[in-house]
Amino acid sequence: MKRHLIRIVGSGKRILCGITFLLAVISGMIGRPITSEAVIAPASYIIYKDGTTYYAQNGQTGVNDYSGTDASTVIQSAINALGTNGGKIFIKAGTYTLSTSIIFQKNQTIVGEGVDVTILKMGTVVTNKPIFKSYAWENSLSDYWMDNVEIGNMALDANSQPIDTSWFHNIRYSHIHDLKCINTYACGAVIGTFGSNLDQNVLYRNLIENIKVVGNITTNSDLMIVAGQIDSIIRNIELSGGGGSGLTMAANLRTKFIDIVIHDQSGLALSLEPAGNDRISDVEFIRPLIYNSTQDGFGSTHTLSYYSNDITIVDPIIYNVNRGIVAQLINGLRIDGGLIHDNKSGSIFINSCKDVKVNNVKIANTGVGNTVGFPYGLAIGVLSGSPPLTLSNIDIESPFIYQNKGASNTNLDGITIFNVPSGSNKIHNAVIYGMTNKNVKFEGTSFPAGFKWHRNIGFVTENSGTATIPNGSISVTVNHGLTITPGLDDISVTPTNSLGNATKFWISNPTATQFTINVNTNPGATTAGFAWNIEY
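Worth saying up front: this structure is predicted, and the values here are computed from it rather than measured.

A. Local environment of the overall build of the protein chain. The helix and strand inventory of the protein chain stands at 4 helices and 48 strands. Here the protein chain holds 536 residues, and the buried ones make up 51% of them. The contacts of the protein chain with a sequence gap of at least 6 include a subset with a gap of at least 24, amounting to 67%. Roughly 22700 Å² of accessible area belongs to the protein chain as shown, and the carbon and sulfur atoms make up 50% of that amount.

What follows is the structure in structure tokens.
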């Protein structure tokens, strides 16, 4: 460690002047908390409170440049002094009551001592005055970018007033972290802007992490809005207690949401809302945890005219909501792993999507406590809309759909399929059991031509065996053991011997339980042996 020594040399007069200066500096520090050199050195300004007075201490000189009884004015004065050249504002522990928004600039760092000790609290409310607001948004500068911003390590207390807690608009290459938004009435954190055009308003490479928002269940406001992000990471977010959606997102590209926890919402927990230029594409949700919400867990409230693209959900855990995942109008959906359980009306609903892969998802105990409606584990279909909607390239692999709590609703189905057009869709390696109605139910058609089924337990669509037409007969009835009625084209029959006297054979009369193998004449003592196979 380097040691820095102060040496006072020269004439007696110069020595006296040096001592006088040092005494003046020390005198100016009286009445302030002693701040270590390690804290002062990296901070341009240190904000602290002494009684009812707020101070902005210059981090280089140690002198109070600004002071007053209005925390907003003192903090804003320090921020304005930094300007766009940037610097660091360090806010010490304490509760800072604000009268208006704090307007931050580019290249600025504003951090506290911790989410439990540094509290910015809104006092007198002015309409549309969140605690934090970007300079770009304050001045309606849509093409002014707030680069290299850092805000964190504090609590933002909206004081149950009708304001958003924070507006982080137009930020790029920035770090928003370790914030606790409490007593919120409207939005907890707004990051980006609805109406963002990803061809123009680009909010690049932000890291948003360790944010907790506690909402007000009586208001119809979203707890967190994320829009306009490209190549950004949002992680370790907890949202709870709101009357609107927990997390609402629009216009995001190549952005990851990691370890998002949303619970105790009266509105939709996580909402995708693409519209017009608000496109959502190539977005990943990794390990989302959603529970105890009145409406759906993961869903979409957008109109039926806009698609989201390439949405991935990895290892979700969603329980005690209305429906777990409502995937609507998505091109390129992947759900990989996870547990969706104990939800009221349904677990996964795939509506009018294209290029879907659902792999190794466990779905359990849907419809428990729900005595009305037709709950389902997994529903796949197409709703009416304008323009006409469709569904294609659906691949459901290894879902495990079970019921072991005893649903009070006797209409519970494992998989429900409706209005599916012809196409390349398949469900394979599924395990389905314990349903109170049907393991698989088809609505609108007895068995949709657009689906292929393979190696499923609880819904058998392939089987094989042997059969023999004995001496004195020209046919044999075979019990195929399938869940569905196969077509003639689905059944293949191969002779296993010379067929005796018979020279021709064919199959006929497939039903829900049987089909018939026929020969043109009595085979005689040799009999006629066959191996049969059915693949639907």
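B. Region of interest: the packing of aromatic side chains. Overall, the coordinates contain 22 aromatic pairs when judged by the stated rule. Residues Phe349 and Phe418 carry aromatic rings whose centres are separated by 6.0 Å and whose planes lie at 40° to one another, so their mutual orientation is tilted. Remark: Phe418 occurs in strand E38 (residues 413-418) and Phe349 occurs in strand E32 (residues 346-351); sequence separation between them is 69 residues. Take Phe349 and Phe418: they sit in the same class, and that class is buried. Of the aromatic side chains, those joined through ring pairs into one cluster are Phe104, Phe132 and Phe168. The side chain of Lys106 reaches across the aromatic face of Tyr144, ending 4.5 Å from its centre. Over the ring of Tyr307 we find Lys354, and its NZ or CZ is 5.5 Å from the ring centre.

C. Highlighting the nonpolar core. Residues Leu120, Phe132, Met224, Phe285, Ile380 and Ile517 are the most contacted members of the largest nonpolar core, which totals 117 residues. By residue number, the principal contributor to this core is helix H3 (residues 71-82), which donates 6 residues. Counting 5 residues, the second largest nonpolar core, distinct from the first, contains Val326, Tyr376, Ala379 and Phe418.

D. How the structure looks around the pattern of salt bridges. Overall, the coordinates contain 12 salt bridges when judged by the stated rule. Glu113 is the salt-bridge partner of Lys92, the closest N and O atoms lying 3.6 Å from each other. In this pair, Lys92 sits in the loop between strand E4 (87-91) and strand E5 (94-98) while Glu113 sits in the loop between strand E7 (108-112) and strand E8 (118-122), placing the two residues 21 residues apart along the sequence. By relative accessible area, Glu113 is classed as partly exposed at 41%.

E. Region of the structure containing the sheet that holds strand E47 (residues 514-519). An order of E44-E47-E46 is seen for the 3 strands of this open sheet, with the pairing classed as antiparallel. At either margin of the open sheet sits one strand with a lone partner, and together these are strand E44 (475-479) and strand E46 (505-508). In this sheet, adjacent strand axes meet at a mean angle of 25° when their direction is disregarded. Relative to E47, E46 runs antiparallel, the two sharing 4 bridges.

Rules of the game
- Residues numbered from 1 in each chain as written.
- Predicted model: local features only at pLDDT ≥ 70, side-chain atom pairs only at ≥ 80, totals over all residues.
- Heavy atoms only, no water.
- Helix = DSSP H or I, 4+ residues; strand = E, 2+ residues; numbered from the N terminus.
- Buried < 20%, exposed > 50% of the residue type's maximum accessible area, 1.4 Å probe, protein only.
- Contact = heavy atoms within 4.5 Å.
- Areas by Shrake-Rupley, 256 points an atom, 1.4 Å probe, with all protein chains shown as cover.
- Phe/Tyr/Trp six-rings, centres within 6.5 Å; stacked < 30°, edge-to-face > 60°.
- Lys NZ or Arg CZ within 6 Å of the ring centre and 35° of its normal.
- Core = buried A, V, L, I, M, F, W, Y, C linked by side-chain atoms within 4.5 Å.
- Salt bridge = Lys/Arg side-chain N within 4 Å of Asp/Glu carboxyl O.
- Pairing = 2+ DSSP bridges.
- Axes fitted to C-alpha atoms, helices over the stretch in contact; angles between N-to-C directions.

Purely geometric stuff here, so don't read any function into it on its own.
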